[in-house]
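# A look at the structure
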Amino acid sequence: MATAPNALASQSALAVLREGGNAVEAMIAAAATIAAVYPHMNGLGGDGFWLISRPGHAPIGLEACGAAAGAASIESYRALGLSSIPFRGGLAANTVAGTVSGWDAAYGWSRNELRGRMPVARLLEDAIAYARDGIPVSRSLSACIAAKRDELAAVPGFARTFLPDDAVPAVGSRFRQPRLAATLEHLALKGLDDFYQGDLAHGIAQDLQQAGSPLTLADLQAHKAVWKTPLALTHSLGTIYNMPPPTQGLVSLLILGQLDRLLTPDMDPLGAPFVHACVEATKQAFAIRDRDITDPAYMSIDPQQLLQADHLDTLAARVRPGLAGAWAGGKGPGDTVWMGVIDANGVAVSFIQSIYHEFGSGIVLDQSGIQWQNRGCSFSLDPEARNPLTPGRKPFHTLNPALARFSDGRTMVYGNMGGDGQPQSQAAVFSRIARFGMNPQAAIDAPRWLLGRTWGNSSETLKLESRFPQATVDTLRALGHPVEVLHGYDETMGHAGAIVRHADGLFEGGNDPRSDGAAAGW
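Every chain is numbered on its own, with residues counted from 1 as its sequence reads. Totals for whole chains, interfaces and linings use every residue, but because this is a predicted model, local features are given only for residues with pLDDT of at least 70 and side-chain atom pairs only at 80 or more, for both listing and counting. Excluded from the side-chain calculations are hydrogens and water; all other atoms, namely the structure's heavy atoms, are used.

Under an unreviewed UniProt entry, the protein chain has the name Gamma-glutamyltransferase and belongs to Bordetella genomosp. 13.

What follows is the structure, encoded as structure tokens:
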């Protein structure tokens, strides 16, 4: 089974599975396809993170995120008269794009450990066709181009790619990316590491320099994806895994660790007590995130220690059932795609891929058609900040793919896009499936909430979809939450997904009706 926020990516993964490919190969195919068909949310010029589980082995993580350019420093930006890093343009494109290195590392692992034999050319085949021949413009893509047109039209390469004939592409019109198709074909022929070491790397570096980025060929050549030991939360129902820093995977696990102590069987998964517990647990996890999480090379704490039972007991004891606590605000927006695949042998992949803000830095490289992320705009130009801009430093990441192994033999991959919303929707989906017995589709479809900001939204309120019962809304307001009611299925909540493989080999899956995706099984 595969699930993705664009149905074409789910189909690419399923096709690989039907042809005998494994979950890792299927995910590479899905990742390439969604980079071509959902360009406002992700692309080859972004970062990615993997969690991989296979029966009889401990789960492993793969960190495919890039570091700041060797020439990117607080002093170099201050010399330009800047007090903060711009969100768009060349100066925002200051970190290496790591996602293709993750595809490459995962592909090598698949061949060595799973005896995967599908050629890279087959895994990129669908993406090449969609980029070359075109796709129908989705409502989401058209609306996003329209919303960001004034902000991005002057950024190098954006108008050429996304504003043909100086107009926003209409919903249903054909959207082609011939330069991206040629780039994918080149990678299929020369190998994925050509992105960092070969002719493609030279072209990328040249175009980045012309666009005003501090990145160089040396930065690309120095990059490597890194295998990581995931963080693990011991839960009453099993073990839950997520990625370590620089991601906010710790936040997601801290929330679920608290909820394991706060939720009771009599709670309504649409009721105020449940939402209140989740929101208050989130506030405490965000406080830890903002105080401690950065590039692990600069951290003084062991994040795994914060998942110990005594620490979680202390956090949970601070939650007041009858009163909303204060908090300092969120990290802000971020767009992403999360996808999941589990194959017939029980190999499970939870994967997330992002260019940070919608369209990333806005830059589309002239030769390759690759749009570059702006993940580095999350760095601070204050040397005393938690995440100061430093050459070679990795930025803080909201990205965090999740995976659970239950004591009853089930395996679940799940995740969500949307900055601060990622750990919150993970808490909703996990709890509704694991605690309240909802099937994945019902758990994802059910109304969700969001505390703070996410992609396309800048207010710090507690946002609720209008499908929550009025009694839930009224009670949360009475508890002191600054509630804002949004549309019934509001894309502010992000795009969630989940797959559960039962011990007997049967599958359940779900996909978000707020997205353009699908869950597909065989």
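This next bit is on the sheet that holds strand β14 (residues 462-465). Strands are labelled as partners when DSSP assigns at least two bridges between them. Each helix corresponds to a stretch of at least 4 residues labelled H or I by DSSP, and each strand to a stretch of at least 2 residues labelled E; elements are numbered beginning at the N terminus. With mixed pairing, the three strands of this open sheet are ordered in space as β13-β14-β15. A single partner strand is all that each edge strand has here, and the edge strands are β13 (449-451) and β15 (483-486). Across this sheet, the average inter-strand angle for adjacent strands is 20°, counted without regard to direction. In the packing of helix α14 (residues 272-292) onto the sheet, contacts are made with β13 and β14, and the angle to β13 comes to roughly 30°. Lines are fitted to the C-alpha atoms to define the axes, a helix being fitted only along its stretch in contact, and any angle between axes, read from their N-to-C directions, falls within 0 to 180 degrees. Contacts were defined at the residue level, with two residues in contact if any of their heavy atoms lie within 4.5 Å.

A few words now on the sheet that holds strand β17 (residues 507-511). Strand order in the open sheet made by the six strands is β7-β8-β11-β12-β16-β17, with antiparallel pairing throughout. Each of the sheet's edge strands pairs with one partner strand only, and the pair in question is β7 (231-235) and β17. Ignoring strand direction, the axes of neighbouring strands in this sheet form an average angle of 15°. When strand β16 (residues 496-501) meets β17, the two strands line up antiparallel, connected through five bridges. Within β17, the residue paired with Ile-499 across the bridge is Gly-509.

With that out of the way, let us pick up the domain arrangement of the protein chain. Parsing the protein chain into structural domains produces domain 1 (2-227 + 335-378) and domain 2 (245-333 + 406-512). The straight-line distance from the C-alpha centre of domain 1 to that of domain 2 is 27 Å. Between domain 1 and domain 2 the total buried area reaches about 1,800 Å² when both faces are included, carbon and sulfur atoms providing 64% of it. Here's the idea: put two parts together, see how much 1.4 Å probe accessible area each one loses, and the total over both is what we call buried area. Summed over the three residues of domain 1 that lose the most area to domain 2, namely Thr-3, Trp-338 and Ile-342, the buried surface amounts to 31% of that side. The salt bridge criterion pairs a side-chain nitrogen of Lys or Arg with a carboxyl oxygen of Asp or Glu, the two atoms within 4 Å. Where domain 1 meets domain 2, there are zero salt bridges. For the domains described, the bounds stem from an automatic or database domain assignment.

Here the bond from Pro-245 into Pro-246 is cis, since omega is 20°, no more than 30 degrees from zero. By the secondary structure assignment, Pro-246 is in the loop between β8 (238-242) and α13 (249-262). The residue Asp-166 is not glycine, and still its phi comes out positive at about 55°. Within the secondary structure, Asp-166 sits in the loop between α8 (158-162) and β5 (174-175). Positive phi is not limited to glycine here, since Tyr-356 has a value of about 75°. Looking at the secondary structure, you find Tyr-356 in strand β10 (residues 348-356). Think of it in three bands: with a 1.4 Å probe and only protein chains considered, a residue is buried below 20% of the maximum accessible area for its type, exposed above 50%, and partly exposed in between. On the accessibility criterion, Tyr-356 (8% relative accessible area) is buried.

Now for the side chain of Ser-350. With respect to the helices, strands and loops of the structure, Ser-350 is situated in strand β10. In protein, a polar contact requires one atom able to donate a hydrogen and another able to accept it; more generally it is a pair of N or O atoms within 3.5 Å, and residues adjacent in sequence count only if both atoms are side-chain atoms. For Ser-350, the side chain forms a polar contact with the main-chain oxygen of Ala-402, separated by 2.9 Å. The residues touching Ser-350, leaving out its near neighbours within four places in the chain, are Phe-49, Trp-50, Leu-51, Trp-338, Met-339, Pro-401, Ala-402, Val-413 and Tyr-414.

Side-chain rings of Phe, Tyr and Trp (the six-membered ring for Trp) are treated as a pair once their centres are within 6.5 Å; stacked means planes under 30 degrees apart, edge-to-face means over 60, and tilted covers the remaining angles. Taken as a whole and assessed by the stated rule, the structure comprises 13 aromatic pairs. By the ring-pair criterion, three or more aromatic residues cluster together here, those being Phe-158, Phe-162, Phe-175 and Phe-359. The ring centre of Tyr-298 lies 3.8 Å from the NZ or CZ of Arg-393, which sits over that ring. Cation over ring: Arg-410 sits above Phe-406, and NZ or CZ is 4.3 Å from the ring centre. Sitting over a ring, as applied to charges here, requires NZ of Lys or CZ of Arg to be within 6 Å of the ring centre and within 35 degrees of the ring normal.

Time to look at helix α4 (residues 99-113). Note that an α-helix has 3.6 residues per turn; residues three or four places apart therefore point the same way. What a helix should span is 1.5 Å times the count of its residues minus one. In this model, α4 (15 residues) spans 21 Å end to end at C-alpha, consistent with the 21 Å of a helix rising 1.5 Å per residue. Buried within α4 are the following residues: Thr-99, Val-100, Ser-101, Gly-102, Trp-103, Ala-106, Tyr-107, Trp-109 and Ser-110. Backbone geometry just after α4 places Arg-115 at a positive phi near 60°.

Our next topic: the nonpolar core. With 92 residues, the main nonpolar core has Leu-44, Trp-50, Trp-103, Phe-195 and Trp-372 as its most contacted residues. Here the element with the most residues in this core is helix α2 (residues 23-37); it accounts for 13 residues. When sequence neighbours within four positions are dropped, the list of residues in contact with Phe-195 reads Leu-44, Ala-97, Val-100, Leu-187, Leu-200, Ala-201, Ile-204, Leu-220, Ile-370 and Trp-372. Ranked by size, the runner-up nonpolar core spans 57 residues in total, among them Leu-262, Val-275, Ile-293 and Ala-434. We define the nonpolar core as a collection of buried residues of types Ala, Val, Leu, Ile, Met, Phe, Trp, Tyr and Cys that are connected through side-chain atoms lying within 4.5 Å of one another.

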